[in-house]
Amino acid sequence: MTNEPIPDLPSYDDDSLRSAFAALEQRARADAAMLDGPEAVEAFRLRWLGRKQGLLTEVSSRWLKAAPPEAKKSIGLRFNELKQQIDDLLEASASAGPSDAALAAESIDITLPGTQRLMGAEHPITRTMNEIVSVFAALGYSVGVGPEVETDYYNFESMNFPPGHPARDTQDTLVIANQERRPLRDRLLLRTHTSPVQMRTMESQPPPIRIVIPGKVHRNDAADATHSPIFHQVEGLCVGAGITFSDLKGTLDHAMKALFGSSVKTRFFPSFFPFTEPSADVQISCIFCGGKGCRKCKQSGWIELLGCGMVDPTVFAFAQEKQPGYDPKKVTGFAFGMGVERIAMMKYGISEIGSLFAGDMRFLGQFV
Ligand SMILES: [Zn+2]
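Report on the accompanying structure. Only a predicted model underlies this, so the values are computations on that prediction, with no experimental measurement involved.

To continue, consider the coordination of the zinc ion. For a metal bound by four donors in a tetrahedral arrangement, the ideal donor-metal-donor angle is 109.5 degrees, while six donors in an octahedral arrangement ideally sit at 90 or 180 degrees. For the zinc ion, every protein donor is listed as Cys 286 (SG), Cys 289 (SG), Cys 294 (SG) and Cys 297 (SG), and the spread of their distances is 2.2 to 2.3 Å. Each of the four donor atoms bound to the zinc ion contributes to angles spanning 102 to 114°, and the resulting shape is tetrahedral. We note that the donor set of the zinc ion lies within a single chain, spaced as C-x2-C-x4-C-x2-C.

Moving on, we come to helix H11 (residues 340-348). Three or more residues of H11 are buried, namely Val 340, Glu 341, Ile 343, Ala 344, Met 345 and Met 346. Each element contacted by the buried residues of H11 is listed here: helix H6 (124-137), strand E5 (230-240), helix H9 (245-260), strand E7 (276-285), strand E8 (302-311) and strand E9 (332-339). Downstream of H11 by one or two residues, Gly 349 has phi in the positive range, about 65°.

What follows deals with the pattern of salt bridges. This model, assessed by the stated rule, comprises 15 salt bridges. Where Arg 29 meets Glu 25, a salt bridge forms, and the shortest distance between an N and an O atom there is 3.1 Å. Of the two residues, Arg 29 and Glu 25 are both situated in helix H1 (residues 14-33); the distance of four residues between them amounts to about one turn of the helix. The closest approach of N and O atoms between Arg 62 and Glu 58, which form a salt bridge, is 3.0 Å. Of this pair, Arg 62 and Glu 58 both sit in helix H3 (residues 55-64), four residues apart, which is roughly one turn of that helix. The class of Arg 62 is partly exposed, set by a relative accessible area of 31%. Owing to a relative accessible area of 24%, Glu 58 belongs among the partly exposed residues under this scheme. Salt bridges sharing common partners tie together Asp 8, Glu 58 and Arg 62.

Here is what the cut-offs are and how they apply
- Residues numbered from 1 in each chain as written.
- Predicted model: local features only at pLDDT ≥ 70, side-chain atom pairs only at ≥ 80, totals over all residues.
- Heavy atoms only, no water.
- Donors = N, O, S within 2.8 Å, 3.2 Å for Na, K, Ca; no water.
- Tetrahedral: all angles 85-135°; square planar, octahedral: opposite > 155°, others 65-115°.
- Buried < 20%, exposed > 50% of the residue type's maximum accessible area, 1.4 Å probe, protein only.
- Helix = DSSP H or I, 4+ residues; strand = E, 2+ residues; numbered from the N terminus.
- Contact = heavy atoms within 4.5 Å.
- Salt bridge = Lys/Arg side-chain N within 4 Å of Asp/Glu carboxyl O.

Laid out in structure tokens, this is it:
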């Protein structure tokens, strides 16, 4: 806004009056064009219409009141017109809202993606593991856990893999470095199965026990579509007086029906595990074709899903060193174990085990 004072009127003829009032009107319009907010509008109002020091008050006293009587009417008309124009400018500015500059400063780009708040959800492995555990929890099993960095004794020796036994070759794993001075049984390694928790649990509580053991395990397996050097197992152990192979079959048949549906059948084949005798592999009727034969079951109608067996008396003998109740002549029991990834891949139709560990939200988002 300019602060020029109101000039004197050069004369009172029509042309002089018209150009003098036109100059004022132009000045008011220039002022009004600069308004950029409510404070500026108020300043404009005070500057032009202020009762004591406003420019119109000055025009009134300098031009109108000082004019000779014959010029007063003409000046008065022009004065009223000018006041009306300033009122109009003021009204337009007050209702115009923020200026373009103010809007630009506050603008947001509505084409940018918004801030997404993601809901947490269980990883498919965690969910599958919890489902398996809950099936056995309903049968009265409690949950056992143990360390992932385990001693050779708990991982191998007490599970009846003696030093030099060929079964150790099937479970190669990472071994902690610089332990050559220690006795073999004390050396630390990444556990190859959840079975050491069987021994740790038996050592800490007398029979009878029923535990289910979920956890992460490590093996020197080359990664491919169905193998990963890290995977998860759920293992179970039931020990008491008079536990038989029939109890094992009944328990696993019930568990497979609870996990995969009541129409699922089970069958048992002789197998070998160092810590069970006799040992068996368990197959379930194919959940994809109902047993007719399809690509998933390689046309056999059956899918191999878990290993199991009656606890080897040698394992009880190791437990007996700390808990005399595990006398192989007085107690029997069974153990079983299954791979969580394999079951999750079957349940959710996942073809690559690697996608479970890649941390890709596009994959994981499907399980929310
Ligand atoms: Zn099939």
